[in-house]
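# Structural overview
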Amino acid sequence: MIYIHAFGIHNVKPEKNPPDLKAVLRTLSGKVYRRIDRFIQLAIIGAHKAAASYELDPETALYLTSGQGDIPVFARVRQQRYLQKMMSKPVDFVNLASNAAGFYIASHLGLNGTNLFLSHNDFPVQMALLLAQSDLELQKQSTVLLGGVDEWFADQELSRKILGVNESTKLGEGSNWMLLKRDSEGAIASLTIEPELLDLSTLKERVALVGAAVRLAFSESLTATVINEIMGLRADHKRFNYEKFCAYYETLPLFALNLFLSRESGELLHIDSDGERYMIMRVGRPD
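Residues numbered from 1 in each chain as written. Predicted model: local features only at pLDDT ≥ 70, side-chain atom pairs only at ≥ 80, totals over all residues. Heavy atoms only, no water.

The final tally for this structure, using the stated rule, is 14 salt bridges. Across the pair K170 and E15 runs a salt bridge whose closest N-O atoms are separated by 3.6 Å. Taken as a pair, K170 in the loop between α7 (156-163) and β5 (173-181) and E15 in the loop between β1 (2-12) and α1 (21-29) lie far apart in primary sequence, 155 residues in all. Note on K170: relative accessible area 39%, which makes it partly exposed. Taking the shortest distance from any N to any O, the salt bridge between R277 and D122 comes out at 3.9 Å. Here R277, found in the loop between β9 (266-273) and β10 (278-285), pairs with D122, found in the loop between β3 (115-118) and α6 (124-137); they are 155 residues apart in sequence, far enough to count as distant. Salt bridges sharing partners connect three or more residues here, namely E194, E196, R206, E267 and R282. (Salt bridge = Lys/Arg side-chain N within 4 Å of Asp/Glu carboxyl O. Helix = DSSP H or I, 4+ residues; strand = E, 2+ residues; numbered from the N terminus. Buried < 20%, exposed > 50% of the residue type's maximum accessible area, 1.4 Å probe, protein only.)

For the rest of this paragraph, the subject is the packing of aromatic side chains. Enumeration according to the criterion identifies three aromatic pairs in this entry. With centroids separated by 6.3 Å and ring planes inclined at 75 degrees, the aromatic side chains of Y33 and Y104 adopt a geometry described as edge-to-face. Linking Y33 in the loop between α1 and α2 (38-51) with Y104 in helix α5 (residues 99-109), this pair joins segments that are 71 residues apart in sequence. For the pair shown, Y33 and Y104 are each scored as buried. (Phe/Tyr/Trp six-rings, centres within 6.5 Å; stacked < 30°, edge-to-face > 60°.)

It is worth spelling out unusual backbone geometry at this point. With glycine set apart, most residues show a phi of negative sign, and most peptide bonds adopt trans. A positive phi angle, close to 55 degrees, is found at F123, a residue other than glycine. Examined against the element boundaries, F123 turns out to sit in the loop between β3 and α6. Not every positive phi belongs to a glycine, and Q139 is a case in point at roughly 65 degrees. When you line up the elements, Q139 lands in the loop between α6 and β4 (143-150).

Time to look at the domain arrangement of the protein. By domain assignment, the protein separates into domain 1 (2-189) and domain 2 (191-285). If you look at the interface, domain 1 gives 39 residues, while domain 2 gives 34 residues. Between domain 1 and domain 2 the total buried area reaches about 2900 Å² when both faces are included, carbon and sulfur atoms providing 66% of it. Summed over the three residues of domain 1 that lose the most area to domain 2, namely F123, V125 and Q126, the buried surface amounts to 20% of that side. (Domains from an automatic or database assignment. Contact = heavy atoms within 4.5 Å. Buried area = accessible area lost by both parts, 1.4 Å probe.)

By size, the foremost hydrophobic cluster in this structure holds 35 residues, and its most contacted members are L129, L146, L180, L191 and Y242. The set of elements that each furnish at least two residues to this core consists of β1, β2 (61-65), α6, β4, β5, β6 (189-193), α10 (252-263) and β10. Here this core takes eight residues from α10, the largest share from any one element. Shared between two domains, this core holds at least three residues of each, these being domain 1 (2-189) and domain 2 (191-285). (Core = buried A, V, L, I, M, F, W, Y, C linked by side-chain atoms within 4.5 Å.)

Where α2 meets α5, the axes come as close as 9 Å, and the angle between the chain directions of the two elements is 40 degrees. Here α5 runs oblique to α2, going by the angle between their axes. In the packing of α2 onto α5, the handedness of the crossing is right-handed. Where α2 approaches α5, its residues F39, I40, A43, I44, A47, H48 and A51 are matched on the opposing element by A100, A101, Y104, I105, H108 and L109. Among the residues making up the contact of α2 with α5, the classes are represented as eleven nonpolar, two polar and no charged. (Axes fitted to C-alpha atoms, helices over the stretch in contact; angles between N-to-C directions. Parallel < 35°, antiparallel > 145°, perpendicular 65-115°, else oblique. Left-handed = near helix turned anticlockwise from the far one by under 90°. Nonpolar A, V, L, I, M, F, W, Y, C, P; charged D, E, K, R; others polar.)

So, in structure tokens, the structure goes:
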């Protein structure tokens, strides 16, 4: 178990055009950066919100994860190199490496600690949080600022192909962050990421054994049939419906956890799936 000391939410459901993040960043921090794209702006905005009311140690580690990274810059470089047969623009080439976002966040917040960009084919949020949990418990880090960033891309058809979702899926964007420590003093909530990959039978056994009045949240990857089976295990469990506040992006589990912390108390059990296996995360906020 580790502890959440601060969090930040930036979650948007664009319709036709994404919002002007440069204006949002200027309003939040009074700063404007040249040579950065929307993905980096998005990352800075979420991290700034999480750290705004907290005095960070300069050695705070920064862990950033994303479902697919900077899709728009990938599309631009693809257009330049393979369709227009020209060299990539220098800024696009630099920003193609998504760890450029980590550099700008660290510069923005004055951080000198470990700076990692993490990606994983399945469960990107859980894999990043497992690393943070392990590093904190092993005392490799004392504080970790961890965020998930996914950007909305105007070419919705291409986005859905890259994300592997059907054409009816509404897409959003978000930059959701947590400030994590191993110390409970001053924390707003506890957090546990269970490392096991569970089959459905084992998942049901785990859910059936958790305490009364626990809220349940599910990722979009779970079918309605599975969700109904799990909700039917215990009459005292209620569902936490975060879905009406967002549209799909791959680091959405962080938004679900943070939204719960901003609105509710008690314990939330978040269940995610890759289609066959399941992972559980828990947050607990005192009444």
